[in-house]
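The lines below spell out each chain.
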Amino acid sequence: MSSYSETPDNASKTASLYDEFGLSGWEIPTESQARLMTESLDIDEMNQELSAMYGDEIQVTKGSSNVRYLCEKAEKTFSFAENTKITKAGAKTKYRLRLVQTIRVARI
């Protein structure tokens, strides 16, 4: 649920408690991170990689509807479907989370 719902902290709490194979520090993507993912990821290739690692694949559609994910402090939503925009989240709609983690790599 978005930050506009009756449980406004639910998504951020879920993100802060999430742990994947001992990796913590996951976050809801910012609007710019969501935009970067939708513009630069090849979803078919990404889903092949996620499937090989037994991860949850990125969903683009469910039935005839575009699947939407939360971003920007759970106040906005985005979709991996083509020609969609980042929009304000609704108060009663259930959205998906696709958490991100920022990793800095330095060359020695």
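Parameters at a glance
Residues numbered from 1 in each chain as written. Predicted model: local features only at pLDDT ≥ 70, side-chain atom pairs only at ≥ 80, totals over all residues. Heavy atoms only, no water. Pairing = 2+ DSSP bridges. Helix = DSSP H or I, 4+ residues; strand = E, 2+ residues; numbered from the N terminus. Core = buried A, V, L, I, M, F, W, Y, C linked by side-chain atoms within 4.5 Å. Buried < 20%, exposed > 50% of the residue type's maximum accessible area, 1.4 Å probe, protein only. Contact = heavy atoms within 4.5 Å. Phe/Tyr/Trp six-rings, centres within 6.5 Å; stacked < 30°, edge-to-face > 60°.

Chemist: So what exactly am I meant to see when it comes to the sheet that holds strand S3 (residues 69–71) here?
Modeler: For sheets, the rule is that strands pair by backbone hydrogen bonds, running either parallel or antiparallel. Spatially, S3-S4-S5 is the arrangement adopted by the three strands of the open sheet, whose pairing is antiparallel. Of all the strands in the sheet, just S3 and strand S5 (87–88) have a single pairing partner and so form its edges.

Chemist: Where do I start with the nonpolar core in this structure?
Modeler: Side chains that are nonpolar tend, in soluble globular proteins, to be buried together. Within the largest apolar cluster, 11 residues are counted, these being Ala-34, Met-37, Ile-43, Leu-50, Ile-58, Val-67, Tyr-69, Cys-71, Phe-78, Phe-80 and Val-100. Elements represented by at least two residues in this core include exactly helix H2 (31–40), helix H3 (43–52) and S3. Contact partners of Ile-43, with chain neighbours within four places excluded, come to Ile-58, Val-60 and Phe-80.

Chemist: What is the right way to read the packing of aromatic side chains from this model?
Modeler: Each aromatic ring pair is summarised here by two numbers: the centre-to-centre distance and the angle between the ring planes. The tally for this structure, following the rule as stated, stands at four aromatic pairs. Measuring from centroid to centroid gives 5.3 Å for Phe-78 and Phe-80, while their planes differ by 70 degrees, and the two rings are edge-to-face. Assessed through its relative accessible area of 1%, Phe-78 is described here as buried. Since its relative accessible area comes to 8%, Phe-80 is described here as buried.

Chemist: Is there a simple way to think about unusual backbone geometry in this case?
Modeler: The phi torsion of most residues other than glycine is negative, and most of the peptide bonds are trans. Unusually for a residue other than glycine, Lys-73 sits at a positive phi of about 60 degrees. On the basis of relative accessible area, Lys-73 is assigned to the exposed category, the value being 63%. One non-glycine residue with positive phi stands out, namely Asn-83, at about 60 degrees. By the secondary structure assignment, Asn-83 is in the loop between strand S4 (76–78) and S5.

Chemist: Would you take a moment to explain the environment of Ile-58 for this structure?
Modeler: Along the chain, Ile-58 falls in the loop between H3 and strand S1 (61–62). Residue classification places Ile-58 among the buried residues on the basis of a relative accessible area of 5%. Taking the C-alpha atoms as reference points, Ile-58 and Phe-80, 22 residues apart in sequence, are found 8.0 Å from one another. Discounting residues that sit within four places of it in the chain, Ile-58 has contacts with Leu-41, Ile-43, Met-46, Asn-47, Leu-50, Tyr-69, Phe-80 and Arg-98.

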